[in-house]
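Chain and residue survey
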Amino acid sequence: MPADVATPMSTAAPRAPRLDPKDLTYKISGGLILLGLAFWLGVNLFHDPAQFFTVAIDGLKNGALYALIALGYTMVYGIIQLINFAHGDLFMLGTMMSAFIITTVFGQKAPSLAGYGAFAVAMIVSMAFCGGLNIGIERFAYRRLRRAPKLAPLITAVGVSFVLQFVGLHWNGSGQRQWQTVLPNTQFNINGVVIDVKTVIIFAVTIPMLLILTWLVTKTKQGRAMRATAQDQDAARLMGINVDRTIAFTFGIGGALAGAAGLMYQQVVGSTAYNLGYQLGLIAFTSAVLGGIGNLAGAVLGGLLIGLIQGLNDGLSYGLGQQWSQSVVFTILILLMVFRPAGLLGKNVTEKV
Amino acid sequence: MTGHKAIEDRSNRRWAIGFTAVAVFLFVLYHWIVPNGPSWLHDFVQGWFSNANTNEMIVYIIMALGLNVVVGYAGLLDLGFVAFWAIGGYVAGWLMSSFLGNFKINIFGNPAPGLEMGIHVTFWWVLLAAGGFCAIWGIIIGAPTLRLKSDYLALVTLGFGEIIPQVFINGQDINGFNLSNGNQGITPIDPIRFFGFRNLGPFDLDYKFVIYAVICAGMVMVSLRLRQGRLGRAWLAIREDELAASMMGVPLMRTKLAAYAVGAFSGGLGGVVFATHINGIFAERFNFSISILILAMVVLGGMGNVWGVMVGAIVLSWINGIGLQQFGNTVNGAFNTNIDFPSFNFLIFGSLLILMMMFRREGFIPEARVRLVMHEHEDDNEEVH
Amino acid sequence: MANALEAHNITVQFGGLVAVNDVSFDVPEGGIVSLIGPNGAGKTTFFNVLTGLYKPTSGSVRLNNQVITGKSPHIIARNGLARTFQNIRLFGLMTAEENVMVAMHSHMRSGIISTLIKTPHQRREEREAHERARELLDYVGIGKYASDYARNLPYGDQRRLEVARALALKPSVLLLDEPTAGMNPQESARFVDFVRKVREDQKVSILLIEHDMSVVMKVSERVTVLDQGQKIAEGSPDEIKTNPRVIEAYLGKSGVEGGH
């Protein structure tokens, strides 16, 4: 997926090929960290291979969801260089909309043909709801701040996040709610490696979505407009591109992906909570940064990697355990910022004067 | 001496007098009027403006002034300020309680009878220690990340604000070492010795108020003086245009780090004050919404404006702590409804941030006063020449 | 005459794109020289190399015989290279006076502690900085705006404030990036006189990037032309006016290549 919607960060100028000592220290310590990571994985793999793969696949399942959410962050960042803090909360509202459609409207609580139908309807409604909501947020909160100092839209995004959490709080109540799923509860067991059918379903939904997205960004007129707008808004405008509509379109797509992720989370994990968006949003954002923010393929890669790492940490015998899950993710975020702010697939681009 | 300095000194004197007057009034109110006054007054003050709430308000003012240096002056968005609050609190927990029971150290400390084990250091030294410790953490977290673009910094600070509380929550057993006592927290904290004649326990809220007010006044002075000096100008320049600032000879990294360290220092102070206020440290209190609450205070007051930020801190901490609850009780009582008003916190703070950014980015108490001072000073100059 | 600023064989590459190709250039002490070229010729990139924003792929820059290649912008500024910006970059929500005082940062010493306890040295330093800022504002003719926010100044006066701010660095070389952009002919003409006056009074050498040919021809003692990252001509204004390569660069087909 070579869809590079964006201009990543870092003020680093074109670098001379010389190796300065600072760079070298960074490289060495970065290498040591990777080495430590490899050692940890090796020990665990050796200890109990079946458990290792079970946990890894479970992690990848979460990773796919992170990837869907991360795409929304990365697309918006790519086009207007805004960390859309409220994106995670959009996902949270997506989970609630799904629960509302499947359980409240259609009354489906178990796997059945009607249940799958409800699932499909919920998919459409949730995606449309989150996409439309995201467009509305862009229109009313962010658009007029496009030329304001960076701090302003970022603080606005935090504000939007709070307002959405308020909606979630009143929709869902202050606690966590459990839901019954319409997806089958079957599990495979291949040589001791346990695979949940839901994992398969998540990938069956996510992969086509990513393919459609790739096609949309690389092949369509709207996608070209997106890339042009990401490069240079003024130039794009001069070329006859409707910049406002293109940005709205980007928000819409990002929101729709969050809506899809919301549905799958609600059905697979089976719970909703008003502060879910905050937690998962941050993890997804970390994924986007890991892959190189602004880079679509990077967001997917980052999401899968973070899911994997989190799964391994939470599930393996020699791990820190679940209570350190968040810390592990954020430590990755901080280390990334220090050693490779451009992410795995991102590239340095100079700041315009 | 030019007129500018004279005006500066005069306006500084003016605030000192105003601040002292308000503080003295509040002390007299809580210490004498309320206990001796009619019961309706007692109920009213207890309900709407209790001493405990006022003390908590001061904690928020200290925190907000600290964050104001980072966000308001230097324009660096810090979304994890609560981390410094937590670190400061735990420094108080380590140095002012019997929690670290393997030690028996007493440095001008004031342990309660029967709790002589552990480390006991005098409150004022703990303030410095916590501030310094937080400043070091600020530099550790800031040094590698301040070279990044501002929105990335926001995320790193946020991550830091998530990790630190988690460390304390899970900290009852780090390789067998009990760092934080986990969810049970550390309590009680040593009473503060009040100017040598009284030990301030959990119920001496009025005396504690005096001590907190003094610390708060110190923070106001620090904010104002730094703003008026060389460093303050460099901070604002970075806030306004980082690139232009560097091309005018302002070293970005060092200047930003200074802002970060000063902010963290004040966060540490706030942490110690809060720990003595609630007589303990509890890890689950330090969550993201606190960081946002403090940020909203800075934004509401007009970023960079000390008075505005103080007003913002007072109003929002009041709404958050007591106002919304009381208002809700009153409304629910009057109309026989059952609305959960505190849950509107999210809506209020969220919309506040959005609307402020849209319509009043300079805050509710913006340039006007600054402009006034500046114009006075212009007139003064003419007299001088 | 010695050179205040010398750039040797500067090349800047962005990926495969060569933005500046092997350009050598100098600013003689006390001179006024101009750098011109069509859009995308690499002028701004070259400027950014001089001021330390970009590290050149190869080549070196010397300021007052000290190598400054690859140094941070603030160190280069401290060493005496000051600039203004094509699209004005003042500190909007600071007063005009404070804008000027920011540029004195590197010549002042007070730190956190001395500011907090207001040592006599800190007070004296602040007082002197105020006075100097006032002088500079009066010098560029906007003393009456000293306590107004920079963003509230009229456009032309914002340009003047940028010059005052740059002069507060006590520079030996002053870089002016399209200083007459947005000015009408009368204002531009007045600006030409102003630039000469600044050179005389402040003992600085001046490097000008300019689009307005009438300004360039009037004020410069030497003109250098860049096109597509290459130096294609250098000489007195009269020589440049008649140089066929320059005319081709401006009127020929090559004027719209992107090169930022």
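The model shown is predicted, which means the values in this text are computed figures rather than measured ones. (Residues numbered from 1 in each chain as written. Chains lettered and ligands numbered in written order. Predicted model: local features only at pLDDT ≥ 70, side-chain atom pairs only at ≥ 80, totals over all residues. Heavy atoms only, no water.)

Thoughts on the overall build of chain B
The secondary structure content of chain B amounts to 14 helices and five strands. Relative to the globule expectation of 21 Å for 385 residues, the C-alpha radius of gyration of chain B, 22 Å, shows essentially globular dimensions. Projected onto its principal axes, the C-alpha positions of chain B cover 65 × 55 × 45 Å. Of all 385 residues assigned to chain B, the portion counted as buried reaches 61%. For chain B, the proportion of contacts with a sequence separation of at least 24, taken over those separated by at least 6, is 73%. By element, 64% of the accessible surface of chain B is carried by carbon and sulfur atoms, the whole surface being about 14,800 Å². In chain B, which carries 22 positive and 25 negative side-chain charges, the distance between the mean positions of the two groups comes to 6 Å. (Helix = DSSP H or I, 4+ residues; strand = E, 2+ residues; numbered from the N terminus. Rg over C-alpha atoms; globule rule 2.2 N^0.38 Å. Buried < 20%, exposed > 50% of the residue type's maximum accessible area, 1.4 Å probe, protein only. Contact = heavy atoms within 4.5 Å. Areas by Shrake-Rupley, 256 points an atom, 1.4 Å probe, with all protein chains shown as cover. Lys, Arg positive; Asp, Glu negative; His and termini not counted. Charge placed at Lys NZ, Arg CZ, Asp CG, Glu CD.)

Description of the interface of chain B and chain A
Bring the parts together and some accessible area is lost; that lost area is often taken as the interface size. Facing the 44 residues of chain B at the interface are 47 residues of chain A. Surface buried jointly by chain B and chain A totals about 4,100 Å² across both partners, of which 78% is contributed by carbon and sulfur atoms. Counting every contact that joins chain B to chain A gives five residue pairs in polar contact (both at pLDDT 80 or more). For the side of chain B that touches chain A, the elements supplying multiple residues, two or more each, are α5 (123-145), α6 (150-169), α11 (288-301) and α13 (345-359) of chain B. When residues of the side of chain B that touches chain A are assigned to their parent elements, the largest contribution, 13 residues, is made by α6 of chain B. (Buried area = accessible area lost by both parts, 1.4 Å probe. Polar contact = N/O pair within 3.5 Å; in protein donor to acceptor, adjacent residues only side chain to side chain.)

Quick word on the packing of helix α3 (residues 51-73) of chain B against helix α8 (residues 230-240) of chain B
Residues and elements named next belong to chain B. Interaxial distance between α3 and α8 falls to 8 Å at its minimum, and their mutual angle equals 50 degrees. Judged by the angle between their axes, α3 and α8 are oblique. Contact with α3, carried on its side by Val 69, Val 71, Gly 72 and Tyr 73, involves Trp 235, Leu 236 and Arg 239 of α8 and no other residues of that element. When the residues that make up the contact of α3 with α8 are grouped by side-chain class, the tally is five nonpolar, one polar and one charged. (Axes fitted to C-alpha atoms, helices over the stretch in contact; angles between N-to-C directions. Parallel < 35°, antiparallel > 145°, perpendicular 65-115°, else oblique. Nonpolar A, V, L, I, M, F, W, Y, C, P; charged D, E, K, R; others polar.)

So, the pattern of salt bridges
Pairs can form between side chains of opposite charge whenever their charged atoms are close. All names here are of chain C. One pass over the full model with this rule turns up 22 salt bridges over all chains. One salt bridge in this structure joins Asp 238 and Lys 241, with 3.7 Å as the shortest N-O distance. Of this pair, Asp 238 and Lys 241 both sit in helix α9 (residues 237-242), separated by three residues, roughly a single helical turn. (Salt bridge = Lys/Arg side-chain N within 4 Å of Asp/Glu carboxyl O.)

Considerations on the pairing of strand β1 (residues 3-14) of chain C
Residues and elements named next belong to chain C. Here eight bridges tie β1 to strand β2 (residues 17-28), and the two strands are oriented antiparallel to one another. Within the sheet, the bridge partner assigned to Gln 13 lies in β2 and is Val 18. Taking the residues that link successive antiparallel strands as the turn, the β1-β2 hairpin has two residues, and the phi of Gly 15 there is positive, at about 60 degrees. (Pairing = 2+ DSSP bridges.)

Re the sheet that holds strand β2 (residues 104-107) of chain B
Residue and element names in this part refer to chain B. Strand order in this open sheet of three strands is β1-β3-β2, and the pairing throughout is mixed. Every other strand in the sheet has two partners, leaving β1 (96-97) and β2 as the edge strands with one partner each. Here β1 pairs with strand β3 (residues 118-121) via two bridges, running antiparallel. Counterpart to Met 96 in the pairing with β3 is His 120.

Regarding the environment of Glu 187 of chain C
In this fold, Glu 187 of chain C is placed in helix α7 (residues 185-202). For the pair Glu 187 of chain C and Arg 83 of chain C, spaced 104 residues apart in sequence, the C-alpha separation works out to 20 Å.

A look at the sheet that holds strand β4 (residues 58-63) of chain C
All names here are of chain C. Pairing is antiparallel across the open sheet formed by four strands, whose spatial order is β2-β1-β4-β5. The open sheet terminates on both sides in strands that have one partner only, identified here as β2 and β5 (66-67). On top of the sheet, helix α1 (residues 43-50) reaches β1, β2 and β4; it is set at about 120 degrees to β1, its chief contact.

Considerations on the packing of aromatic side chains
Counting across every chain of the model gives 35 aromatic pairs over all chains. Here Phe 52 of chain A and Phe 53 of chain A contribute two aromatic rings whose centre-to-centre distance is 5.5 Å and whose plane-to-plane angle is 85 degrees, an arrangement assigned as edge-to-face. When its relative accessible area of 11% is taken as the criterion, Phe 52 of chain A is described as buried. Judged by relative accessible area, which is 40%, Phe 53 of chain A ranks as partly exposed. Each ring, one from Phe 84 of chain B and one from Phe 160 of chain B, has its centre 5.8 Å from the other, and the planes form 50 degrees; the classification is tilted. Taken together, the positions of Phe 84 of chain B in helix α4 (residues 82-95) and Phe 160 of chain B in helix α6 put the pair 76 residues apart, joining distant regions of the chain. For the residue pair Phe 84 of chain B and Phe 160 of chain B, the accessibility class agrees, reading buried in each case. (Phe/Tyr/Trp six-rings, centres within 6.5 Å; stacked < 30°, edge-to-face > 60°.)

Remarks on the pairing of strand β7 (residues 173-177) of chain C
All names here are of chain C. Burial runs high along β7: five of the five residues are buried. In this structure, strand β6 (residues 81-83) lies alongside β7, joined through three bridges in parallel fashion. Counted as the bridge partner of Ala 82 is Leu 174 from β7. Bridge count for β7 against strand β8 (residues 205-209) is five bridges, and the pairing is parallel. Looking at β8, one finds that Leu 175 is bridged to Leu 207. In this region the chain leaves β7, passes through α7 and returns to the parallel neighbour β8; the handedness of that crossover is right-handed. (Right-handed = clockwise from strand over helix to strand, strands pointing away.)

Some thoughts on the side chain of Arg 222 of chain C
Residue and element names in this part refer to chain C. By the element assignment, Arg 222 lies in strand β9 (residues 222-227). A relative accessible area of 18% means that Arg 222 is categorised as buried. Polar side-chain contacts of Arg 222 include one of 2.6 Å to the backbone oxygen of Asp 26. Setting aside residues up to four positions removed in sequence, Arg 222 forms contacts with Phe 25, Asp 26, Pro 28, Ile 32, Val 33, Ser 34, Glu 234 and Gly 235.

Notes on the domain arrangement of chain C
Residues and elements named next belong to chain C. Domain boundaries in chain C define domain 1 (1-80 + 171-260) and domain 2 (90-169). Each of domain 1 and domain 2 has a C-alpha centre, and the two are 27 Å apart. Every contact between the two is made by 15 residues of domain 1 and, on the other side, 10 residues of domain 2. Taken together, both faces of the contact between domain 1 and domain 2 bury some 1,300 Å²; the carbon and sulfur share is 65%. (Domains from an automatic or database assignment.)

Things to note about the side chain of Ser 110 of chain C
Examined against the element boundaries, Ser 110 of chain C turns out to sit in the loop between α3 (96-102) and α4 (112-117). Given the relative accessible area of 3%, Ser 110 of chain C is considered buried. One polar contact links Ser 110 of chain C to Glu 125 of chain C, side chain to side chain, over a distance of 2.6 Å. Not counting residues up to four positions away in its chain, the partners in contact with Ser 110 of chain C are Arg 230 of chain B together with Thr 115, His 121, Gln 122 and Glu 125 of chain C.

Quick word on the nonpolar core
The biggest cluster of nonpolar side chains holds 309 residues, and the ones touching the most others in it are Leu 79 and Trp 235 of chain B together with Phe 46 of chain C. Of all the elements, helix α2 (residues 49-80) of chain A adds the most residues to this core, at 14 residues. Taken together, domain 1 (1-80 + 171-260) and domain 2 (90-169) of chain C each give at least three residues to this core, which thus spans both. If we ignore the near neighbours within four places in the chain, the residues touching Leu 79 of chain B are Phe 85 and Val 158 of chain A together with Ala 154, Thr 157, Leu 158, Phe 288, Ser 291, Ile 292 and Leu 295 of chain B. (Core = buried A, V, L, I, M, F, W, Y, C linked by side-chain atoms within 4.5 Å.)

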